[in-house]
Amino acid sequence: MDTIFFSIFNFFLLISSCNIVLADEFPSWVSAANSHLLQLTPLKADIVVAQDGSGNYRTISEAVVAAAKKTYAKRLVIYVKQGIYKENVEIEISNLTLIGDGIDATIITGNKSARDGFRTFDTATFGVSGYGFVAQGMTFENSAGPENNQSVALRSSSERSVFYNCSFKGYQDTLYVYRKVQFYRNCDIYGTVDFIFGYAAVVFQNCNIYVRKPLNYQKNTITAHGRDDLNEKTGIIIHNSLITAAPDMVGVTSIESYSGRPWKKYSRTVFMKCTIDELIHPAGWLPWNGSFALNTLYYGEYLNTGSGANTSARVKWSGYHVIRNSTEASKFTVDNFLDGNLWIPATGVPFEGGL
């Protein structure tokens, strides 16, 4: 059985297929700058997926079905070898870890879309609802394209789920942070309209957010949070991340791009200590429909930098805040907003608990 090595710093894998893998032989997606940090402890994969027949199953869906029929006293680990897996996957198993060979090496792709008659929820290439799901080193994609409207790459309602070194590629509604508490670290997210959306309490940390070119009549909106109860401790928090143009948007000035818009009445979104490139419109935020939610939402910006981070021309809504002190900003850290210090360390994924 193939052996996977986890690191408390990089939570990465090395695979041994019949041969011993030396500790200094790192996967291509581990940078030379980080390789010296790796401290390894072995952990075996319970199930291996490989299109070439070298694993237990050829598809992820087959592996998940098989796993659901068994009882595990510990976390179940599925290793998915590099390849393009054209399938739609639903996971309800709790305490499951799914590990690939890296971004753009292990790819799960589908093309369901609203234009084809699917509900947005059902367009997801990959959906997960089981408690404590962890994914690392994978790309989740919906290839339907901008002309097909809502097309979800990944939908998560997994409580205390973690995505590390993953990529999410789509256009409208790429990443559906549907429900519960979620954490994303060192991930790439690509999209156009409302491409990070949902009701969850979620923090994106050290991520790259790439704004793609939409249809000519559309405006880009990165986030659309759906909090509809003032007492819900939910929101989309983007911390220490890069907001920039995808290659097809570089130099495009005819299309406006915004940090977000309020999907529901108490929508809450905060950008903290991010680098925001010039593609973000000076107003920063876009209304959903007239004056809806503009006084009840909470949108905040704290110590962002870059040519798109200037707040002097931002919207004048009473729900928009330029956060000026660390006490207020600290409410939205991993430790305070997600209670991350209580559960993320057990995953082995690096994180910053504070500002």
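Our subject is the structure that appears above.
Residues numbered from 1 in each chain as written. Predicted model: local features only at pLDDT ≥ 70, side-chain atom pairs only at ≥ 80, totals over all residues. Heavy atoms only, no water.

Colleague: What exactly am I supposed to notice about the overall build of the protein here?
Modeller: From N to C terminus, the protein includes four helices and 28 strands. In the protein, 65% of the contacts between residues at least 6 apart in sequence involve partners at least 24 apart. Accessible surface for the protein amounts to roughly 14700 Å². Of this, 48% is attributable to carbon and sulfur atoms. (Helix = DSSP H or I, 4+ residues; strand = E, 2+ residues; numbered from the N terminus. Contact = heavy atoms within 4.5 Å. Areas by Shrake-Rupley, 256 points an atom, 1.4 Å probe, with all protein chains shown as cover.)

Colleague: What am I meant to see in the nonpolar core here?
Modeller: In summary, soluble globular proteins display a tendency toward joint burial of nonpolar side chains. Counting 61 residues, the largest nonpolar core has Phe126, Phe140, Phe163, Phe168, Tyr184, Ile189 and Phe204 as the members making the most contacts within it. With four residues, helix 2 (residues 60-68) is the largest single contributor of residues to this core. Not counting the four nearest positions on each side in its chain, Phe126 is found in contact with Val89, Ile91, Leu98, Ile108, Phe133, Phe140, Ala153, Leu154 and Arg155. Grouped together as the second largest cluster of nonpolar side chains are 21 residues, Val181, Ala201, Ile237 and Val334 included. (Core = buried A, V, L, I, M, F, W, Y, C linked by side-chain atoms within 4.5 Å. Buried < 20%, exposed > 50% of the residue type's maximum accessible area, 1.4 Å probe, protein only.)

Colleague: In this structure, what is going on with the layout of surface pockets? I would like to understand it.
Modeller: One simple way to see leftover space: roll a probe sized like a water molecule over the atoms. Of the volumes computed, that of the second largest pocket is approximately 260 Å³. Lining the second largest pocket we find 14 residues, and of these Met249, Val252, Thr253, Glu278 and Leu279 sit closest to its centre. By residue class, the composition of the lining of the second largest pocket is six nonpolar, five polar and three charged. (1 Å grid on protein atoms, 1.4 Å probe; cavity = no way out; pocket = protein on both sides within 12 Å on 5 of 7 lines; lining within 4 Å. Points joined across faces, edges and corners; volume = space filled by probe spheres on them. Nonpolar A, V, L, I, M, F, W, Y, C, P; charged D, E, K, R; others polar.)

Colleague: Which parts of the structure should I look at to understand the packing of aromatic side chains?
Modeller: Centre distance and the angle of the planes are the two values used to describe a pair of aromatic rings. The final tally for this structure, using the stated rule, is 23 aromatic pairs. Here the aromatic rings of Tyr176 and Phe197 are separated by 4.1 Å at their centres, their planes lie at 15°, and the arrangement is stacked. With a gap of 21 residues between them, Tyr176 in strand 15 (residues 175-177) and Phe197 in strand 18 (residues 193-198) connect regions that are remote in the sequence. Measuring from centroid to centroid gives 5.9 Å for Tyr178 and Tyr199, while their planes differ by 75°, and the two rings are edge-to-face. With Tyr178 in the loop between strand 15 and strand 16 (181-185) and Tyr199 in the loop between strand 18 and strand 19 (201-205), this residue pair connects regions lying 21 residues apart in the sequence. Positioned above the aromatic ring of Tyr178 is the side chain of Arg179, whose terminal nitrogen or guanidinium carbon lies 5.2 Å from the ring centre. Lying over the aromatic face of Tyr199, Arg179 brings its terminal NZ or CZ to 4.1 Å of the ring centre. (Phe/Tyr/Trp six-rings, centres within 6.5 Å; stacked < 30°, edge-to-face > 60°. Lys NZ or Arg CZ within 6 Å of the ring centre and 35° of its normal.)

Colleague: What am I meant to see in the pairing of strand 17 (residues 188-191) here?
Modeller: In summary, the side chains of a regular strand alternate between the two faces of the sheet. Burial along strand 17 is two-sided: the face carrying Asp188 and Tyr190 and the face carrying Ile189 and Gly191 are both buried. Sheet analysis places strand 14 (residues 167-169) next to strand 17, joined by three bridges and oriented parallel. Bridge pairing in strand 17 places Ser167 opposite Asp188. In the sheet, strand 17 pairs with strand 20 (residues 208-211) via four bridges, with the strands oriented parallel. (Pairing = 2+ DSSP bridges.)

Colleague: Explanation requested: the pattern of salt bridges in the structure shown.
Modeller: If the charged atoms of two oppositely charged side chains come close together, the side chains can form a pair. On inspection of all chains with the given rule, the structure shows eight salt bridges. Glu256 is the partner of Lys219 in a salt bridge, and the nearest nitrogen-oxygen pair spans 3.6 Å. Of this pair, Lys219 sits in the loop between strand 20 and strand 21 (220-225) while Glu256 sits in the loop between strand 23 (242-245) and strand 24 (257-260), and the two are 37 residues apart along the sequence. According to the relative accessible area criterion, Lys219 is partly exposed, its value standing at 40%. Judged by relative accessible area, which is 30%, Glu256 ranks as partly exposed. Note that Arg314 and Glu301 form a salt bridge whose closest N and O atoms lie 2.7 Å from each other. With Arg314 in the loop between strand 27 (298-302) and strand 28 (320-322) and Glu301 in strand 27, this pair connects stretches of sequence that are 13 residues apart. Of the two residues, Arg314 and Glu301, both sit in the buried class. (Salt bridge = Lys/Arg side-chain N within 4 Å of Asp/Glu carboxyl O.)

These results come straight from atomic positions and should not be treated as a statement about function.
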